[in-house]
Amino acid sequence: MMVLEANGLSISFGGVRAIDDVSIAIASGQVFSIIGPNGSGKTTLFNLVSGIYLPNDGNIRLAGETVTGLAPEQLARRGLSRTFQNLQIFSRMTVLENVMVGRHRHERTGIMADLLHWPSVPRQNRATRDAARAALARAGLAGEDDRPAGSLAYGALKRLEIARALASEPKLLLLDEPAAGCNPVETQDIDRIIRAIVKDGITVVLVEHDMRLVMNISDRIHVLASGRTLTEGTPDQVRSDPAVIQAYLGVHGSQEAVRAFD
Ligand SMILES: Nc1ncnc2c1ncn2[C@@H]1O[C@H](COP(=O)(O)OP(=O)(O)O)[C@@H](O)[C@H]1O
Ligand SMILES: [Mg+2]
């Protein structure tokens, strides 16, 4: 079964086609990676799929249902969750509070119930807290609940982002550069967490520059260049595709290509 299908997606900013007729189909239980040089449209594709941008063309289906044009909260309710390329952490809130922010879409009581001390409120707070703790444990942050988030090391902050996205109990998780800026040990942590997430039945879409991580963990890799699909295949197919190596060479010079595909 396809968890996510996007057909013929396009979006332009000014005159620039940031995403140009891109189609993807992601099967349940996969790690599906999207790679490409800087500015090739990876984050824009995430923004389209997660409802932040409305496509100029094309359609999106989540678990077989058309969801084109739905807002991020509506997609979240249907099981799609994401992290952002730049850390979105509230550094003065605790670790637990940061994750509880990610749970809000599951809460049915509104502000009136809160004001009236409706009986369901404490019960929901407890459920939210429990789900947040479970998400923290999955991200390797058990026991860090009460620390100010700002006191965590960088690698732990990247994992806190993942915990927050997990707190909404998604079926499909979009990770935008989860290992960016991480050292090899922190990247290894991210690798392990992604594998555990997939084992729990969550489908993962990964945008990541660390080619070792991408090649190790992906079932399929979709390559973008200048907003268009260059190719898609298994890690072995993509690694040995001259057009892929050329796309990286053209933009970044030989260093990144060598590092990426050695
Ligand atoms: N909101 C926006 N307004 C204008 N241009 C944008 C916007 N979002 C993305 N772009 C442009 O789309 C292109 C792809 O950007 P992006 O998706 O961030 O690339 P990547 O994530 O692959 O590095 C870039 O040229 C970028 O400047
Ligand atoms: Mg990006």
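Everything below is about the structure shown above.
What comes next concerns the included structure. Everything numeric here is computed off the predicted structure, so don't read it as measured data.

1. Quick notes on the overall build of the protein chain
- Check the secondary structure of the protein chain and you find eleven helices and ten strands.
- Among the 262 residues that make up the protein chain, the fraction classed as buried is 39%.
- Considering only intrachain contacts with a sequence separation of at least 6, the fraction spanning at least 24 residues in the protein chain is 66%.

2. Some points on the sheet that holds strand 1 (residues 2-13)
- On the basis of which strands lie adjacent, the open sheet formed by four strands has the order 2-1-4-5 and antiparallel pairing. Only two strands of the sheet have a single neighbouring strand rather than two, namely strand 2 (16-27) and strand 5 (65-66).

3. Points about the sheet that holds strand 8 (residues 203-207)
- One open sheet holds the six strands; their spatial order is 6-7-8-3-9-10, and the pairing between them is mixed. Each end of this open sheet is capped by a strand with a single partner; those strands are strand 6 (80-82) and strand 10 (228-233). Sheet twist, expressed as the mean angle between neighbouring strand axes with direction ignored, is 20°.
- Examined bridge by bridge, strand 6 and strand 7 (residues 172-176) share three bridges and lie parallel to one another. Note on strand 7: the bridge partner recorded for Leu 80 is Leu 172.
- Here helix 7 (residues 184-199) sits on the sheet and contacts strand 3 (31-35), strand 7 and strand 8; the angle it forms with strand 8, its principal contact strand, is near 150°.

4. Notes on unusual backbone geometry
- Positive phi, normally seen in glycine, also occurs at Asp 21, with a value near 55°.
- With 14 C-beta atoms packed within 10 Å, Asp 21 lands in the partly exposed category.
- Not every positive phi belongs to a glycine, and Glu 177 is a case in point at roughly 55°.

5. Here's the deal with the pairing of strand 2
- Both strand 1 and strand 2 contribute to a ladder of eight bridges, which runs antiparallel. The partner of Glu 5 across the bridge, within strand 2, is Ala 25.
- Hairpin connection, strand 1 to strand 2: the antiparallel pair is bridged by two residues, and Gly 14 has positive phi, about 60°.

6. Points about the site of ligand 1
- As a matter of local geometry, ligand 1 sits amid Phe 13, Val 16, Ala 18, Gly 36, Asn 38, Gly 39, Ser 40, Gly 41, Lys 42, Thr 43 and Thr 44.
- Mapped by element, the contributors of at least two residues to the shell around ligand 1 are strand 2 and helix 1 (42-49).
- Looking at side-chain class alone, the shell around ligand 1 contains three nonpolar, seven polar and one charged residues.

7. A few points about the nonpolar core
- Grouped together as the largest cluster of nonpolar side chains are 67 residues, with contacts concentrated most on Val 99, Ala 139, Ala 163 and Val 204.
- No other element matches helix 6 (residues 154-166), which puts seven residues into this core.
- Each residue touching Ala 163, except ones within four places of it in the same chain, is listed here: Val 99, Ala 135, Leu 136, Arg 138, Ala 139 and Leu 141.

About the cut-offs
Residues numbered from 1 in each chain as written. Chains lettered and ligands numbered in written order. Predicted model: local features only at pLDDT ≥ 70, side-chain atom pairs only at ≥ 80, totals over all residues. Helix = DSSP H or I, 4+ residues; strand = E, 2+ residues; numbered from the N terminus. Buried ≥ 20, exposed ≤ 12 C-beta atoms within 10 Å, placed from the backbone. Contact = placed C-beta atoms within 7 Å. Pairing = 2+ DSSP bridges. Axes fitted to C-alpha atoms, helices over the stretch in contact; angles between N-to-C directions. Near = placed C-beta within 6 Å. Nonpolar A, V, L, I, M, F, W, Y, C, P; charged D, E, K, R; others polar. Core = buried A, V, L, I, M, F, W, Y, C linked by C-beta atoms within 7 Å.

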